[in-house]
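# Structural description and commentary
Chain by chain, the residues:
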Amino acid sequence: MGFLLHVTQAGKDEKGQRFHLSAAEIDEVKRRKLLWALYVMREPFFSDYTRQKLERAETTLEPVPIIGTLAAKIVELIIGAQSRYTYISGS
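Rules of the game
- Residues numbered from 1 in each chain as written.
- Predicted model: local features only at pLDDT ≥ 70, side-chain atom pairs only at ≥ 80, totals over all residues.
- Heavy atoms only, no water.
- Core = buried A, V, L, I, M, F, W, Y, C linked by side-chain atoms within 4.5 Å.
- Buried < 20%, exposed > 50% of the residue type's maximum accessible area, 1.4 Å probe, protein only.
- Helix = DSSP H or I, 4+ residues; strand = E, 2+ residues; numbered from the N terminus.
- Contact = heavy atoms within 4.5 Å.
- Salt bridge = Lys/Arg side-chain N within 4 Å of Asp/Glu carboxyl O.
- Phe/Tyr/Trp six-rings, centres within 6.5 Å; stacked < 30°, edge-to-face > 60°.

## Structural notes on the nonpolar core
Within the largest apolar cluster, five residues are counted, these being Met41, Phe46, Leu54, Val75 and Ile79. Where this core is concerned, the elements lending two or more residues are α3 (45–61) and α4 (65–88). Each residue touching Phe46, except ones within four places of it in the same chain, is listed here: Val40, Met41, Arg51, Leu54, Ile78, Ile79 and Gln82.

## A few points about the side chain of Gln82
Mapped onto the fold, Gln82 is located in helix α4. What makes Gln82 buried here is its relative accessible area of 4%. Contact partners of Gln82, with chain neighbours within four places excluded, come to Met41, Arg42, Glu43 and Phe46.

## Thoughts on the pattern of salt bridges
Tallied over the full model, the rule gives four salt bridges. The closest approach of N and O atoms between Arg51 and Glu55, which form a salt bridge, is 3.2 Å. Remark: Glu55 and Arg51 occur in helix α3; sequence separation between them is four residues, near one turn of the helix. Classification of Arg51 by relative accessible area gives partly exposed; the value is 33%. Ionic pairing is found between Glu76 and Lys73, a salt bridge with its closest N-O pair at 3.6 Å. Placement of the pair is Glu76 and Lys73 together in helix α4, with a separation of three residues, close to one helical turn. Residues joined by salt bridges that share partners form a network here, namely Glu28, Arg31 and Arg32.

## Some remarks on the packing of aromatic side chains
Inspection of every chain in the model, using the stated rule, returns two aromatic pairs. Ring centres 5.2 Å apart and planes at 40° place the aromatic pair Tyr39 and Phe45 in the tilted group. On the basis of an interplanar angle of 45° and a centroid distance of 5.4 Å, the ring pair of Phe45 and Tyr49 is categorised as tilted. A residue pair is termed a helical-turn pair when its members lie 3 or 4 positions apart in one helix, as Phe45 and Tyr49 do in helix α3 at four residues. According to the relative accessible area criterion, Phe45 is partly exposed, its value standing at 27%. A network of ring pairs unites the aromatic residues Tyr39, Phe45 and Tyr49 as a single cluster.

Laid out in structure tokens, this is it:
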């Protein structure tokens, strides 16, 4: 199991005992989550993996009346944000 999985669970270690993170550790986890989110938005990971998953979710939800419309709009916005993000990101 990865560290991120341990942190995002209910705050228990493998033995079921609770553990607490310091403020610095919580900030580091937030920073790593943000970097991970930005990584999945970058090329080539986005075109090879993330975009396919988004489009598959959109296709799956399309038959549902209101949810399908919202899903299509969200996917459209994410793809638009990704194209702008990769255009203006420096790294």
